[in-house]
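Below are the chains, spelled out letter by letter.
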Amino acid sequence: MFYDQFFEAERLRAEGRFGEAIVVFRELLSQRLETAKNPTEDLNNYDAIIIERLADLSQLFGNDEASIDFLSGLRQLFLKAENIFFYLNTTIKIASVYLEGGDFEAAFGFLEELVSFIGDLRLIEISSEGLAKWEKGCHFEKLRGEERSIIFSKIYYVMGALLTGIGRYDDGIQCLESGFEWISDFKDEICVAMHKLMFLKKMEAMVEKGNVNAAKQEIGEARREGLTDMTPGTQVGFLELKSRISFLQGELGKAEELMANTSELCGKYGLRQAEVAALLNLAKVKILLNQLAEAEEILDCVQQMCKDLSDESTMDQVLQLKDLVVRRGQPMDSTFDLSPTAHSRDQKREKTPKHQLGEMFAPFRPPSSFLGLFEERSLELQILLADGEWEEALELFEHMKSVFSKTDSRLIRSRLSVFRLLVDFYAKGLEQLPADIRDIQSYFEKESLKPELRQFQMILGWTGLLSPAENHELIRRNEQLLEEMTQSLPPESRALFLLNKWTEDERYLNYLVEELMYIEAVWEQRWKIFKPIGAIKSLRRLNRLLFHIDRHKDITARKSIGGKESEDQVAKPASWLLSLLKHPWDRVTLSFLVLPDRVVLVYRSFLKLDFKVIPLSRIHLRERVKEIHENLAHATQNRDIRELDESERRSNVEALIQEISEAMGVSQVLSELPDKVKRITFVPDDVLNGFPFAALRFNGDYLVKGYSVTLGYESRRFKRSKPKQDRQKLLMVGVSCVSDGKNTSLDLPFVKPEISEIRSEFGGKAGNIETLFDAEAEKESILKKVGQARFFHIACHGVFNHYEP
């Protein structure tokens, strides 16, 4: 009867029916304690397994207090009955529960209560000889052979976890390996489970020490041997570990998938506390991938779960991450950024550095780990640097050095060196690079820590202490690293991930913007008589900026269709004066440049050229434009905004359009237009290619009612060479019949007549006109031919993708 119930409880546990398993295990243990005539002799390994199961299952449900209370009661019973094995086993188990909860002091305190059996742990020399000497001094005379092995392995497990928890990874790993030796020859349930648990702890220690490749290799070998085939509770630990390794090595898509699987597994088995931790880690991944809306939804869910579980410590982390979501998505004045602007190196204490903070903020660190504590402090330090709080940042860094510099973790020490470089650069200034720079770079490369390496090399470039050749090589390697990390993501996530990543072209454009702002600020302080000179300097610089913006868009467009980067190389922009004189007197042209942390608006009219820099991040702008399209899609299947319900239109779409227009400075520019202006050309960039400029309201009506509104794709700041003869071709594409996969017809019956009419109106030789119709109109064919055409006409359905505008 006992064995039937025992194996039934084991079956329930293996199936993930933990609540039912707990009930059966409790009944079994109660029966055993009531019927055992002599608790010293009548209890056996099955009873030890039952105690393990009950304690572990209580922990799985996040009920550490209940687990400790249960074990403490048993401990007193076994002490009274002088059952040494069960007393030692239960005491060590209590220490393990405290250890997993991050209370190292309590865990060590329970081990100290066993001093009469194991001596003073503080006096142990952590070496092969020292541990062998300690083992001989332990008083386990009343234990049988297998019992001694189990107790030694469990003590070694707690010792290893304690040592890694204070940053002594080599010592911790040696203790765990010694524990392996004690149970390697035993195949019973307790020894096998203990072996797998110690293996997981050892792999965690190796990763946190920075031996990532070695840990990855050992996990692969262990998987083939079945060491990673575990119960759902331990599977969570292995999934998190593999996700951590993937993230550290820049396999971002795999890391996200594994962490999502972890949270699903926890939810499936009702492991609420573990699910909270997994969802929190998943939210961190989403933030780093710029999936801010999804991250916020997850954090809202975790916040409610923390309230239900009365988990105040995790609630603090949730609030910190919510603040991080806001920082990553808002304008540049509060953007979570670190790199210097064009002049911030000369004004370190006055200006806040910009872009790319948070690259070293790696998730998956449990709060009980030494590395987890380091990363909490690292995040605080980065926030202080991003906010320009130099003195506070320096003070925190000095504290971090005193706490973390003695660890043998190569990963922590390397990160600490990177922070030292960063703090010295901003707070003190650098005249030469530290001696260990190449050593750090070599370590990151050896362990394939791509995010760490890219961030470190970016900081090296910011210092300005590298030769031009070295800096050029760093730029090339960083672009390659970013490409490799981006390719690890699913296609729909790649563009979003790149939103706050600066290309070198964008950095140069940003330098021109900063230079222009600097010149205007300087000449604003000069005497009035000299201000015309400053105005001319600004106009020349602005004309140059507009030229490079157009070149940037041209190159980007050519790359996107697989063409050459540039066929029309122009050494310099046209004359700024001629461009002002030639601009139509009744037209104003508004050109946009969307950068990771700002939007630049250049507006040009007859005899006037000016600009605005708007503190609006690319992430935030895309989210707002996305809302416009989502509101339109939910309200109507038609592109006509007039078909929306009046109240809904006014409260949603129009409000969003006006809000974005005002944020970008468009409304202000329109309000200052002279009466002679009747035509407005918008030259959008990035997500603004999907912004409905014609639907702007101005003077009480739609903008298109009072002005001729057109869209351009470049400002035509330079004269292109005449097209070659083979570029006179007209390419026409038409798709007249389409299905949405739901047996719904989406035909466009007038596509054929439209194509025919344009063909007849265009004239010319038949050889200069090419048509791709219906089945022929495949993406690859179009992209191949469009680069060879001078004119392009397309008639088909379209969907705006705000991730890849």
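Remember, predicted model here, so these are calculated numbers, not experimental data.

Here is what the cut-offs are and how they apply
- Residues numbered from 1 in each chain as written.
- Predicted model: local features only at pLDDT ≥ 70, side-chain atom pairs only at ≥ 80, totals over all residues.
- Heavy atoms only, no water.
- Pairing = 2+ DSSP bridges.
- Helix = DSSP H or I, 4+ residues; strand = E, 2+ residues; numbered from the N terminus.
- Axes fitted to C-alpha atoms, helices over the stretch in contact; angles between N-to-C directions.
- Contact = heavy atoms within 4.5 Å.
- Buried < 20%, exposed > 50% of the residue type's maximum accessible area, 1.4 Å probe, protein only.
- Phe/Tyr/Trp six-rings, centres within 6.5 Å; stacked < 30°, edge-to-face > 60°.
- Lys NZ or Arg CZ within 6 Å of the ring centre and 35° of its normal.
- Expected span 1.5 Å × (residues − 1).
- Core = buried A, V, L, I, M, F, W, Y, C linked by side-chain atoms within 4.5 Å.
- Parallel < 35°, antiparallel > 145°, perpendicular 65-115°, else oblique.
- Left-handed = near helix turned anticlockwise from the far one by under 90°.
- Nonpolar A, V, L, I, M, F, W, Y, C, P; charged D, E, K, R; others polar.
- Patch = residues over 30% accessible without salt bridge, like charges linked within 9 Å, V, L, I, M, F, W, Y side chains within 5 Å.
- Areas by Shrake-Rupley, 256 points an atom, 1.4 Å probe, with all protein chains shown as cover.
- Salt bridge = Lys/Arg side-chain N within 4 Å of Asp/Glu carboxyl O.

Visitor: Give a detailed account of the sheet that holds strand β10 (residues 791-795), specifying residues and quantitative values.
Guide: Note: strands within a sheet are paired through backbone hydrogen bonds, in either parallel or antiparallel orientation. Taking strand neighbours across the sheet as the criterion, the 3 strands line up as β9-β8-β10 in an open arrangement whose pairing is parallel. Lying at the two open borders of the sheet, with one neighbouring strand each, are β9 (769-773) and β10. Going from strand to strand, the sheet's axes swing by 10° on average, the running direction of each strand aside. Running at roughly 170° to strand β8 (residues 730-734), helix α32 (residues 751-762) makes contact with β8, β9 and β10 of the sheet.

Visitor: Describe unusual backbone geometry, naming the residues involved and giving the relevant values.
Guide: Even without glycine at this site, Asn290 takes up a positive phi of about 65°. The class of Asn290 is buried, set by a relative accessible area of 0%. Phi is positive for Asn699, which is not a glycine, with a value near 55°. Relative to the elements of secondary structure, Asn699 occurs in the loop between β5 (697-698) and β6 (701-702). With relative accessibility at 69%, the residue Asn699 sits in the exposed group.

Visitor: Please set out the pairing of strand β1 (residues 587-595) residue by residue, giving values where relevant.
Guide: Within a regular strand, side chains alternate between the sheet's two faces. With respect to burial, β1 is a largely interior element, 9 of its 9 residues being buried. Residues Arg587, Thr589, Ser591, Leu593 and Leu595 line one face of β1 and the alternating positions Val588, Leu590, Phe592 and Val594 line the opposite face, and both faces are buried. With 5 bridges connecting them, β1 and strand β4 (residues 679-683) associate as parallel partners. The residue of β4 that forms the bridge with Val588 is Ile680. Pairing geometry for β1 and strand β2 (residues 598-605), over 7 bridges, is antiparallel. Paired with Leu595 across the strands is Arg598, a residue of β2. Once β1 ends, the chain turns through 2 residues before running back antiparallel as β2.

Visitor: Give me the packing of aromatic side chains: which residues, what numbers.
Guide: Tallied over the full model, the rule gives 17 aromatic pairs. Each ring, one from Phe85 and one from Phe86, has its centre 5.3 Å from the other, and the planes form 80°; the classification is edge-to-face. Judged by its relative accessible area of 3%, Phe85 falls in the buried class. Owing to a relative accessible area of 2%, Phe86 belongs among the buried residues under this scheme. Taken together through their ring pairs, the aromatic side chains of Trp134, Phe140, Phe152, Tyr156 and Trp182 make up a single cluster. Here the basic side chain of Lys501 rests over the ring of Phe497, its NZ or CZ set 4.0 Å away from the ring centre. For Arg697, the ring lying beneath its charged end belongs to Tyr702, and the centroid distance is 4.8 Å.

Visitor: So what about the environment of Ser153? Which residues, and what values?
Guide: Relative to the elements of secondary structure, Ser153 occurs in helix α9 (residues 145-165). Once the C-alpha coordinates of Ser153 and His195 are considered, the two residues, 42 residues apart in sequence, prove to be 8.4 Å apart. Non-local contacts of Ser153, meaning those with residues more than four positions away in its chain, are made with Gly179, Trp182, Ile183, Met194 and Met198.

Visitor: How would you sum up the sheet that holds strand β3 (residues 608-614)? Please name residues and give values.
Guide: Reading across the sheet, the 5 strands line up as β3-β2-β1-β4-β7 and stay open at both edges, with mixed pairing between neighbours. The open sheet has two edge strands with one neighbour each: β3 and β7 (708-711). Taking each pair of neighbouring strands and ignoring which way they run, the sheet shows an average axis angle of 15°.

Visitor: Break down helix α11 (residues 189-209) for me, with residues and values.
Guide: Because each turn of an α-helix spans 3.6 residues, side chains separated by three or four positions end up pointing in the same direction. With 21 residues, α11 extends 30 Å between its outermost C-alpha atoms, agreeing within 8% with the 30 Å of an ideal straight helix rising 1.5 Å per residue. Taking burial as the measure, the 21 residues of α11 include 16 buried ones, the bulk of the element. Positive phi shows up at Gly210, right after α11, with a value of about 105°.

Visitor: Outline the nonpolar core, supporting the account with residue identities and numerical values.
Guide: Of all hydrophobic cores here, the largest spans 116 residues; its most connected members are Leu88, Ile118, Trp134, Phe140 and Leu381. If you look at the next biggest cluster of nonpolar residues, it comprises 33 residues, including Tyr603, Ile614, Leu656 and Leu696.

Visitor: Which residues make up the packing of α9 against helix α10 (residues 169-183), and what are the values?
Guide: Between α9 and α10, whose axes approach to 8 Å, the crossing angle comes to 165°. Between α9 and α10, the crossing angle belongs to the class labelled roughly antiparallel. Regarding α9 and α10, the two cross each other, and that crossing is left-handed. In this structure, α9 contributes Arg148, Ser149, Ile150, Phe152, Ser153, Tyr156, Tyr157, Met159, Gly160, Leu163 and Thr164 to the contact, and α10 contributes Tyr169, Asp171, Gly172, Cys175, Leu176, Ser178, Gly179, Trp182 and Ile183. In terms of residue class, the contact of α9 with α10 is made up of 11 nonpolar, 7 polar and 2 charged.

Visitor: Outline a nonpolar patch on the surface, supporting the account with residue identities and numerical values.
Guide: A grouping of Leu577, Leu578, Leu581 and Leu607 is seen on the molecular surface, where their side chains present a nonpolar patch of about 360 Å² in accessible area. Note on placement: Leu607 falls in the loop between β2 and β3.

Visitor: Any details on the packing of helix α20 (residues 410-428) against helix α22 (residues 450-463)? Residues and values, ideally.
Guide: Where α20 meets α22, the axes come as close as 11 Å, and the angle between the chain directions of the two elements is 25°. On the basis of their axis angle, the class for α20 and α22 is roughly parallel. Read as a crossing pair, α20 and α22 show a hand that is left-handed. For the pair formed by α20 and α22, the contact residues are Leu411, Arg415, Val418, Leu421, Leu422, Phe425 and Tyr426 on the first element and Glu452, Phe456, Ile459, Leu460, Trp462 and Thr463 on the second.

Honestly, that's just the spatial picture; any functional story needs more than this.
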